[in-house]
Amino acid sequence: MRVAFSPVYRYRLPPGHRFPMDKYTLLPEQLLYEGTVTEQQFFTAEPLTEEAILRTHTAAYWTKLRDNTLTRKEARAIGFPMRPDLVARGRVIAQGTLECARFAFRDGVALNIAGGTHHAFADHGEGFCVFNDIAIAANELLHTGEVERVLIVDLDVHQGNGTASLFAQEPRVFTFSMHGARNYPARKERSDLDIGLPDQTGDEVYLDTLRRHLPGLLDGVQPDLVFYLSGVDVLATDKLGRLSMTLQGCKERDRFVLESCHRRNLPVAIAMGGGYSDRLATIIEAHANTYRVAAGLYD
């Protein structure tokens, strides 16, 4: 089970910024400390090529990122201070997701410590997302002929609006987003399947809903590869989430997704997505559960 990680994942932010950037240091440390993974399982990707970027993002947007010429409004929509090292970081993360997909063909599963940047559109970024790593990976694999059919299972609490937009006219990619109906973004895009959940949805309703839909999707779409966005902002403790799931419920969600894919011999590439609980320890525990479940199934 290979895990994509690089120290560049942690990006320097102003004091008090609401994004929990420390998780990119603490999560791999926790996984090593408890023995869920070893040092040998980690790999660091090279930066994504410009050619691969342009299969998903427009030349105009890429030029602004490359030259650091986004307008204040465009940078504000992303939510991070724009510096060249943010763009370099995004290129390494996106390549990590692509390589995770390739490792998943061999090993059944692979995970990226970062990624899940599903709010990035072809021509702009927003919501802490610069490049759309899963879309980039899917497009690259389709281009090379490594896959013919892809299923994206997006269980972050926020709708994958950028991903939905990018694949709206691409029949080879099926986009499934289960998210908070009244949460960001205010204007939703149209995925192939959207399930909007009411505020305060807890474990029982959430898991029942997932169990009713996911198996049919896996069997109906018959993908060559599944991308799983395992955001942990579904927790009741999450400042931006508005759902009411427990840590155990979130872990059971991961278990159901991975067991469903494992049973069907479907390779899964996992990106972490969001998590904004007040206690950083809660975020780390929830993300670590994804790795623990995967290790138990595939190692």
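Look a little higher up for the structure.
An account of the accompanying structure is given in this report. All values reported here derive from a predicted model rather than from experimental measurement.

Reading the values: rules and limits
- Residues numbered from 1 in each chain as written.
- Predicted model: local features only at pLDDT ≥ 70, side-chain atom pairs only at ≥ 80, totals over all residues.
- Heavy atoms only, no water.
- Helix = DSSP H or I, 4+ residues; strand = E, 2+ residues; numbered from the N terminus.
- Buried < 20%, exposed > 50% of the residue type's maximum accessible area, 1.4 Å probe, protein only.
- Contact = heavy atoms within 4.5 Å.
- Areas by Shrake-Rupley, 256 points an atom, 1.4 Å probe, with all protein chains shown as cover.
- Expected span 1.5 Å × (residues − 1).
- Salt bridge = Lys/Arg side-chain N within 4 Å of Asp/Glu carboxyl O.
- Pairing = 2+ DSSP bridges.
- Axes fitted to C-alpha atoms, helices over the stretch in contact; angles between N-to-C directions.
- Parallel < 35°, antiparallel > 145°, perpendicular 65-115°, else oblique.
- Left-handed = near helix turned anticlockwise from the far one by under 90°.
- Nonpolar A, V, L, I, M, F, W, Y, C, P; charged D, E, K, R; others polar.
- Polar contact = N/O pair within 3.5 Å; in protein donor to acceptor, adjacent residues only side chain to side chain.

**Quick word on the overall build of the protein**
- The helix and strand tally for the protein stands at ten helices and eight strands.
- Dimensions of the protein, computed from the C-alpha atoms along their principal axes, are close to 45 × 45 × 40 Å.
- Within the protein, the proportion of its 299 residues that are buried is 59%.
- A separation of at least 24 residues holds for 75% of the contacts in the protein among residues at least 6 apart in sequence.
- Carbon and sulfur atoms make up 49% of the accessible area of the protein, which totals about 12,200 Å².

**Structural notes on helix α8 (residues 203-221)**
- Across its 19 residues, α8 extends 26 Å between first and last C-alpha, which sits within 8% of the 27 Å expected from 1.5 Å per residue.
- Turning to α8, its buried residues number three or more, namely Y206, L207, T209, L210, L214, L217, L218 and V221.
- Structurally, α8 contributes buried residues whose contacts are with β4 (150-154), β5 (173-180), β6 (193-197), β7 (225-229) and α9 (247-263).

**Some details on the environment of R255**
- Looking at where R255 falls in the secondary structure, it is placed in helix α9.
- R255 sits 42 residues away from L297 along the chain, and the two C-alpha atoms are 8.8 Å apart.

**Notes on the pattern of salt bridges**
- A full pass over the atoms with the stated rule returns 20 salt bridges.
- Salt-bridge contacts for E146 lead to R102; the nearest nitrogen and oxygen are separated by 2.8 Å. Here E146 is found in the loop between α6 (133-144) and β4, whereas its partner R102 is found in helix α5 (residues 84-107), with 44 residues between them in sequence.
- Residue classification places E146 among the partly exposed residues on the basis of a relative accessible area of 33%.
- For R102, a relative accessible area of 32% gives the class partly exposed.
- The residue R106 makes a salt bridge to D107 at a minimum N-O spacing of 2.8 Å.
- Judged by its relative accessible area of 24%, D107 is partly exposed.
- Taken together, the shared-partner salt bridges connect E34, E285 and R292 into one network.

**A look at the sheet that holds strand β2 (residues 42-43)**
- On the basis of which strands lie adjacent, the open sheet formed by eight strands has the order β2-β1-β3-β8-β7-β4-β5-β6 and parallel pairing. Where the open sheet ends on each side, the last strands, each with one partner, are β2 and β6.
- By the bridge criterion, three bridges tie strand β1 (residues 2-4) to strand β3 (residues 109-112) in an arrangement that is parallel. Bridging across to β3, R2 finds its partner in A110.
- Each of β4, β5, β7 and β8 (268-271) touches α6; the most contacted strand, β7, lies at about 170 degrees to it.

**Concerning the packing of α5 against α6**
- Put simply, α5 and α6 touch, their axes get as near as 8 Å, and they point 55 degrees apart. If you check the angle between α5 and α6, you find them oblique. Here α5 and α6 pass one another in a crossing that is right-handed. Residues A94, T97, L98, A101, R102 and F105 of α5 form the contact with α6, whose own contacting residues are D133, I134, I136, A137, E140, L141 and T144.
- Class assignment of the residues belonging to the contact of α5 with α6 gives a composition of eight nonpolar, two polar and three charged.

**Quick word on the side chain of R253**
- Within the secondary structure layout, R253 lies in helix α9.
- Within polar-contact distance, the side chain of R253 engages the side chain of Y228 at 3.1 Å.
- For R253, the residues in contact, after removing those within four places along its chain, are L155, Y206, L207, L210, Y228, S230, G231, V232 and V234.

**Observations concerning unusual backbone geometry**
- Across the junction of Y184 and P185, the peptide omega takes the value -5 degrees, indicating a cis bond.
- Relative to the helices and strands, P185 resides in the loop between β5 and β6.
- Phi is positive for N68, which is not a glycine, with a value near 55 degrees.
- By the secondary structure assignment, N68 is in the loop between α3 (59-67) and α4 (72-78).
- Given a relative accessible area of 38%, N68 falls into the partly exposed group.
- The backbone of Q222 sits at a positive phi, close to 50 degrees, despite the residue not being glycine.
- Structurally, Q222 can be placed in the loop between α8 and β7.

**Brief notes about the packing of α8 against α9**
- Taken N-terminus to C-terminus, the directions of α8 and α9 make an angle of 10 degrees; their axes are 10 Å apart at the nearest point. On the basis of the axis angle, α8 is roughly parallel to α9. Viewed along their axes, α8 and α9 form a crossing whose handedness is right-handed. Along its contact with α8, which presents D203, Y206, L207, L210, R211, L214, P215 and L218, the element α9 presents G249, E252, R253, F256, V257, S260 and C261.
- Broken down by class, the residue content of the contact of α8 with α9 amounts to nine nonpolar, two polar and four charged.

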